[in-house]
Every structure is written in C-alpha cells, then in structure tokens.
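One letter stands for each residue in the lines below.
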Amino acid sequence: MKQLIGVCSVLFIIISLSSYGFFDDSEPEIVRLTEHTINTSSGITQGQSYAISGSVVSWFDIPYAQPPLGDLRWRAPRPLSTPQNIIVDKPITSCVQKASNYGGIAGDGIVGNEDCLYLDIRAPKDFIDKNYPVMVWIHGGGNITGHKDYYNYSNLVAEKNVIVVAINYRLGALGWFTHPAIQGLQNGLDKSSNFGSLDIIEALKWVQSNITAFGGNPDNVTIFGESAGAHNVYTMLATPLSKGLFHKAIAQSGYTISNSLENAYDHQDENAYVTQGSWRVVEELLASQEVQSQTLKTPEQLHTILKSVSAASLITLYSDKPGVINYQPLTTNDGIVIPKEGLASALGNPLYAKQVPIISGANKDEVTLWLGLHRYFMSTRYLFTKWLPPIVSIKDPQLFNFWVRVRSQAWKARGVDEPLDALERAGYKNLFAYRFDWDHQATSFFIDFPNILGAAHGTDISFVSGDYKYGPITSYIYPEGEAREQMNRTFMNVWGDFAATGTPDLSLGFDWEGYTSTKKAYVRLDKDELLALGFELETLTSVLAKIAANTHAAPIEQCLMVWETLVNVGDRDIPRYQSWNNSQCVDFDARKAQEIIAIDLIEEFGSTSVI
C-alpha cells in the first residue's frame, strides 16, 4: 500500500541499524519418515521434521492449481489432478514482484515466477488420524509483494495443535487486471478481473479436498491475514464464490478499497484520480515495444501481445518512479468475484453473508511504518562520521504525533469498525474487534523506536507466528523479555482458541464482549497489565473534526491529512474531501502536492527516507 507522501519502505532504509552478532549457521538434522508421505490430488508430498525436538511436520511447495502460464495468464486458476506426481521442493515459488527485503524476496529488480500457485502445510507431529483445526494464512504486501515462505508458523502449530496452510497467489497486474482485450475475449470466470482472489478460492477448495490426509478438519477452517492479506479475507467474506470454504475469519489491519471496472481500465486517462489504469499501462507497454496501438487491427492481436509479453516487462511498468505514487491494480468490482456494488458494500449484503465468527483489528500506530522515517517528519545528524548511522529525531513532535493519531484512528474506523458495522447489517452475530497497542521496543542510541514506530503496521504478525521478523531492526522491535513473551502467549492463545472454537477469550481472564455498531467493544492487545476491554469513541466524522480544530498543522497539512484519511483503507471519498470544512481543500490537489514534496526531498537528500 502507498499510504502517504511518496513511498517509504522503512525496512529497506534502516539496514545500517541492524545489531551485530555472531550466529551459528549450522542446520539441525532433518528427517523424512515414510508415514509422513501424503497422497494428494496434485501429487505425493513428503513431510519433514527436525530430528531433535521435532514437534511439527512440514510439507512444502505443494501445487494447488495448474501453472497460470501462456494462455492461462489472466484466467481463472485451473484445478490440478496429478495424483501420481512426485512433489519436490522448488528453488523459486514466489509470484512475480519487485524484489523486497521487507517482503522476504531478495534480489534486484523484478523477481519471482508466474508458476507460483503453491502452498505449504505445517501440522503437529501426531497429525495422523487427527481432526485438528485448520488455519489458512494469506500473506500481505499490498497484493504486489510477499510470499508464503516469509513467516514460519511452526510455533503456533506446536503450541495450539492447529494446522497452518500458507498460500501464494498471483500479485500485482498479473493478479488483478482489467482490459477489454482480455475480458472481452474470455468467458465465465475468465472474464473476472480478480485472478489473485480466484487463486485464494482455488487454494481453499484444495484444502477442502485434501486437508484430512494431513490431520486437518475441513469443516473447521479459519482464514487469516494481515494488511493485503486481511483485505483478501474481507474479499472472501464478500464474494459469492467462497461459500462453504471456511468457517471463521481473522482480519489484521485490513482495508476495503475496491475499484469499478471503468476506473480499473481508465480509458484515455479520463479519471484524474486514477493512477495507471490498464489503458495507460498497455499504451506504455506497446510504446516500449515500438508498437502503436492504432496499428493493431483486432482485439485478438492485442490479446496475443498481452499474453506473450514477459511478466517482468509488465510489472516493471508499475515500479516506483521518483516522486510518483503508483497504484497497481486493486480488487475490482467485476460482478463475478466481487459484486458490482463493491467490496465494502457487499460485506453488508445478506445475500453474500457467510455467517461465520470474525475477528478484526488494527494497530494503534499503523502509519508509523510509512511516516516514522520520512524526511518530511524526521531529521538526521551525524555524530562523528557517516560511516555510522545517523541519529534520527522528530522535527515537530506535536505535528508528527497528531498525524499518526489521525491516520491510525482513521484506519481503525475505516478498516475495522465500518466493515464490522456492515457485517452486522448482513446478519453476522459473532463479531470481535481489537486494537494492538504493544509498543515495548528497545531504544537505540540512533533512534527511539518505541516513540517513533510503536505499534506500527505489521508488528503484530510475529506474535501470532512466534517467528520474530521485522527486517533489519527485528532485535529492536522484539527485544527478548517478559513483555514479548506475554504478548506472544496472548496472540497464540486468542488466535488458536478462536480457530478451534470460535471463542477468542478462553484464556484472557475477562469476557471479550462482542462488537456491535451501537457499543463498539474492542480488546486492547498488550502485555498482561495493559490487556483490557475498551469501547471505541472515535469515528471517521470525529477524526475529520479533530483535523479541522487543530491549529498547529498548516492548512496544506490539514488537507493532506484529510486526503489520506478519505482515500486510503476505504473507498476513495472525493466529494467528502472537497466539501470538508466548508470546502477548504476543494482547490488543493493533494496527490500532486505529495509528489512535489517527494521530488523536493529526493533532490535535496537523494531519498524521502532519513537513511
């Protein structure tokens, strides 16, 4: 997701803050037992575990659909029936994307493979003939980066006796794309624009057909994901195509943005608020290949070109350009996967309701992942030499803290409360909300992590998995100690118990009151002494009123905050932006202002980041 002024990938720019140490590179011995060989509809897979203290068996790189190659690009995934195939680990299973240490994909430029529809399974070592709850992890990354391998859920599996399935799905323009030369020449599910969503559905179908052999209960499946993964959880709740494929859902820091078909295509750049619609991208693609679109005589010719162009060439067109905020294709209201009314609205339509228990929540400091090291808010100074990292400090703490509070509160309002309100209208009864408040990081001489990052976007995932990862600053974000152990225990118990029973509070020591639109109960997830039930008082309206009442921010900064509040997380509300505070911002082009700020910072410092 692109959340603010330019694009700030925090975890790229603070590599120099990593702690130094010595590590034992030796690998524990792996054993592969005959009884861990499993026959599936897509082949025979061999489980593996560690010889010493091996409490979990893992199966890797299991294909769940035919590779979406050639003419299968931009088509619904095809079921795979190859039961005699011997499944082996593959060197590359990540879908095509820009290399990102944050997403766990090393390299330069565009990496990954279109042949990427694989999943991993982890089960307790005594899985044979069991009926364990199943949890299907949908990774995040804005639906443009990420892969199934990044987080290891073995600790959750061992601790809570659940089976975790982690899946890949097509990303970016290969996963979400709308163009008449594609949909206009295809039929049925192939006319969809949401191919990545269809991949998730196909993976859930594979789980239904095969998970019993791994000791899993196909009648007790929980889908869970963070950020784009949580957005995809909402997608599964809204689509009519996922009925019966899961029985509980957890959305961590989700969002409900979706596009109309018209905006996804954006013919001749007719919508000023759309960035890089497929019409513009295809024009750029043809120009790069020295092909003029007007020389193409038939849609079939363009169809052939789009199906045959290299995936790297296509994704490169969406790569970040200095000062430009690019939005790759998003979930589209195609009338096939997502109803024409849109994702946010469909969540409230009883026609699509699954009536399953749901947990949804957001982090107290969501947006510090993007703001926390941005040069608009942060300054640097070098103590002795530039061989050492710079000391990072907040330029204007009052402005920074207000901006963080506004945007993070708006995220909960738009990404948690509004979707839960919609689900309540659709008849859902078992709804639970949370806010993740844990901010007990270690402070570095170079940066005050608790106050600058705090409970940032994505910091909650490691407490569910027990696999502590936050790029090169992991040791600062998750310092060993009682606070970390308490938070890990709470998350594993809540997520594991919810997956097993649909009840999240079996170990909390107090009742987790269900969410309703009139009371808005939520649990503050924090270390034990701060773990408590609360009731939300903020709404999107109250957040916008706070911006209007704030006298510290300049009028331009107020407009930027309102813009970010109304175009991120939920559907873009341009009329509300233009009418806010007696039309204060009606003539202010916030998107252009963001780009100018980014360009100016890049010209002065070489980057929008402080390091």
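Here is a short report on the structure shown in this document. (Residues numbered from 1 in each chain as written. Predicted model: local features only at pLDDT ≥ 70, side-chain atom pairs only at ≥ 80, totals over all residues. Heavy atoms only, no water.)

1. Description of the packing of aromatic side chains
To keep things clear, this is the line we draw: Aromatic pairing here means that ring centres of Phe, Tyr or Trp (its six-membered ring) are within 6.5 Å. Orientation follows from the plane angle: under 30 degrees is stacked, over 60 is edge-to-face, and everything else is tilted. Numbered from the N terminus, helices here are DSSP runs of H or I no shorter than four residues, and strands are runs of E no shorter than two. Each residue is placed in one exposure class: buried if its accessible area under a 1.4 Å probe, protein chains only, is under 20% of its type's maximum, exposed if it is over 50%, and partly exposed if it falls in between. A ring has a charge above it when a Lys NZ or an Arg CZ is no more than 6 Å from the ring centre and no more than 35 degrees off the ring normal.
For the structure shown, the criterion picks out 31 aromatic pairs. Each ring, one from W137 and one from F224, has its centre 5.0 Å from the other, and the planes form 55°; the classification is tilted. Linking W137 in strand 9 (residues 132-138) with F224 in strand 11 (residues 216-226), this pair joins segments that are 87 residues apart in sequence. The same class applies to W137 as to F224, namely buried. Consider the rings of W563 and Y577, whose centres lie 5.2 Å apart with planes at 75°: the pair is edge-to-face. Of the two residues, W563 sits in helix 19 (residues 555-567) while Y577 sits in helix 20 (residues 574-583), which places them 14 residues apart along the sequence. We note that W563, like Y577, is buried. Through a chain of ring-to-ring contacts, the aromatic side chains of Y434, F436, W438, F463, Y468, Y470, Y478, F491 and W495 assemble into a single cluster. Positioned over the ring face of Y522 is K412, at 4.7 Å from the centre of the ring.

2. Some details on the nonpolar core
Here is the rule: Among the buried residues, those of types Ala, Val, Leu, Ile, Met, Phe, Trp, Tyr and Cys that are joined through side-chain atoms within 4.5 Å form a nonpolar core. Should any heavy atoms of two residues lie within 4.5 Å, those residues are counted as being in contact.
Among the nonpolar cores identified, the biggest contains 155 residues, and I121, V165, L237, F246 and W495 are the most heavily contacted of them. Counting residues per element, this core draws most heavily on helix 13 (residues 397-425), which supplies 12 residues. Among residues more than four places away in sequence, those in contact with L237 are F246, A249, L347, Y352, K354, V356, I358 and Y428.

3. Section: the environment of L369
With respect to the secondary-structure elements, L369 resides in helix 12 (residues 368-371). Along the sequence, L369 and I461 sit 92 residues apart, while their C-alpha atoms lie 14 Å from each other.

4. A look at helix 17 (residues 482-501)
What counts, and what does not: One less than the number of residues in a helix, times 1.5 Å, gives the span that helix is expected to have.
The end-to-end C-alpha distance of helix 17, which contains 20 residues, comes to 28 Å, matching closely the 28 Å that a straight helix rising 1.5 Å per residue would cover. Taken from the residues just after helix 17, G502 is the one with a positive phi, measuring 80°.

5. Some details on the pairing of strand 18 (residues 532-535)
Here is the rule we go by: Note on pairing: two strands pair once DSSP finds at least 2 bridges between them.
Where strand 17 (residues 521-525) and strand 18 come together, 4 bridges link them in antiparallel fashion. Looking at strand 18, one finds that Y522 is bridged to G534. Between strand 17 and strand 18, which follow one another and run antiparallel, lie 6 residues.

6. Side note on a nonpolar patch on the surface
What counts here: Residues qualify for a patch when their relative accessible area is over 30% and they have no salt bridge, like charges being joined within 9 Å and the nonpolar side chains of Val, Leu, Ile, Met, Phe, Trp and Tyr within 5 Å. Note on areas: Shrake-Rupley, 1.4 Å probe, and residue coverage restricted to the protein chains presented here. A side-chain nitrogen of Lys or Arg and a carboxyl oxygen of Asp or Glu constitute a salt bridge if their distance falls within 4 Å.
On the surface, a nonpolar cluster with roughly 460 Å² of combined accessible area is contributed by L383, F384, L388 and F445. Note on placement: L383 falls in the loop between strand 14 (378-381) and strand 15 (391-394). Taking the relative accessible area as the measure of exposure, L383 reaches 41% and is therefore partly exposed.

7. So, empty space enclosed by the protein
Applicable threshold: Put plainly, a pocket is an open set of points on a 1 Å grid over the protein atoms alone with protein on both sides within 12 Å along at least five of seven lines, a cavity is a set where a 1.4 Å probe fits but cannot get out, and a lining residue has an atom within 4 Å of a point. Grid points are joined across faces, edges and corners, and a volume is the space filled by probe spheres set on the points. Classification convention: Asp, Glu, Lys, Arg as charged; Ala, Val, Leu, Ile, Met, Phe, Trp, Tyr, Cys, Pro as nonpolar; all other residues, Gly among them, as polar.
In total, this model carries 5 cavities of 30 Å³ or more according to the counting rule given. Here the second largest cavity defines a volume of roughly 60 Å³. What lines the second largest cavity is simply P68, R73, W74, C95, V96, N113, E114, C116, R170, L171 and L174. Its residues assigned to classes, the lining of the second largest cavity shows 7 nonpolar, 1 polar and 3 charged.

8. Section: the state of the cysteines
Put simply, the rule is: The definition used for a disulfide is geometric: two cysteine sulfur atoms within 2.5 Å.
Inspection of the entire model under this criterion finds 2 disulfides. Residue C95 pairs covalently with C116 via a disulfide, S to S 2.0 Å. Around the S-S axis, the bridge from C95 to C116 shows a dihedral of about 90° and counts as right-handed. With C95 in the loop between strand 5 (56-63) and strand 6 (97-100) and C116 in the loop between strand 7 (105-111) and strand 8 (118-124), this pair connects stretches of sequence that are 21 residues apart. Summarising the burial analysis for this pair, C95 and C116 share the class buried. Across the disulfide, C559 is cross-linked to C585 (sulfur-sulfur distance 2.0 Å).

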